[in-house]
Amino acid sequence: MDRFLNEFEDHFRAGFLPDLEQTLAKVQHEKVYACAFGTDSDWVTLFMTVNTEESLSKHITDMKEQELCDSEQDEIYYRWGCSEYQYGEDTHFNHISRLLYATEEVQKYKDEIIRIIAEVVNETADDVFARYGQVKGDITFFISMTDDDMAEDIENQSVQQMTADSLVSGFLTRYDELN
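Structure report, in brief.

Rules behind the numbers
Residues numbered from 1 in each chain as written. Predicted model: local features only at pLDDT ≥ 70, side-chain atom pairs only at ≥ 80, totals over all residues. Heavy atoms only, no water. Helix = DSSP H or I, 4+ residues; strand = E, 2+ residues; numbered from the N terminus. Salt bridge = Lys/Arg side-chain N within 4 Å of Asp/Glu carboxyl O. Buried < 20%, exposed > 50% of the residue type's maximum accessible area, 1.4 Å probe, protein only.

**Thoughts on unusual backbone geometry**
Across the chain, the bulk of peptide bonds are trans and the bulk of non-glycine residues have phi less than zero. With phi around 60 degrees, glutamate 67 is a residue other than glycine that occupies positive phi space. If you trace the backbone, glutamate 67 turns up in the loop between helix 2 (53–65) and helix 3 (72–80).

And the structure:
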């Protein structure tokens, strides 16, 4: 394996569990439905964000009051647009972002990066989630790109690698009725 990928995996493994637990502790009285890893089209940043049913409901209500949510499409965007998620601003993936930024043409490693993230998520024991009142199998995990038309393809590719089968088909068809 390439030196970069080894370093990325080491950093991600070291940062994921502490950041996940810190975030889950904040939302332990809410129902987590999504955990997303965000990046950009150049793959030089990485962050983790989480959303809950309760925070989604409040956010949609707030957006409706501001007349920024007036369709089913808007509500689907607020549910799945990781830039709208309410938790995760304290994750510590800055050291990973520095590594990504310092690597030339890091986007060529995107499939391996997705595989590593999925592997770490899949290896994370169910009891880590249970300690905070969550069920891992009820959470949709995916990677998204905040500024790229390829976001949906990356989301669909990654969700299949790290999410319980019972949730994958609903995620893959999230926009079908809108087309």
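**With respect to the pattern of salt bridges**
In total, this model carries 13 salt bridges according to the counting rule given. The partner of glutamate 7 in a salt bridge is arginine 3, and the shortest N-O contact between them spans 3.7 Å. Taken together, the residues span about one helical turn, with glutamate 7 and arginine 3 both in helix 1 (residues 3–26) at a distance of 4 residues. Given the relative accessible area of 29%, glutamate 7 is considered partly exposed. The closest approach of N and O atoms between lysine 58 and aspartate 62, which form a salt bridge, is 2.9 Å. With lysine 58 and aspartate 62 both in helix 2, this residue pair falls 4 residues apart, about one helical turn. Residue class for lysine 58 comes out exposed when judged on its relative accessible area of 53%. Residues joined by salt bridges that share partners form a network here, namely Glu9, Arg13, Arg115, Glu119 and Glu123.

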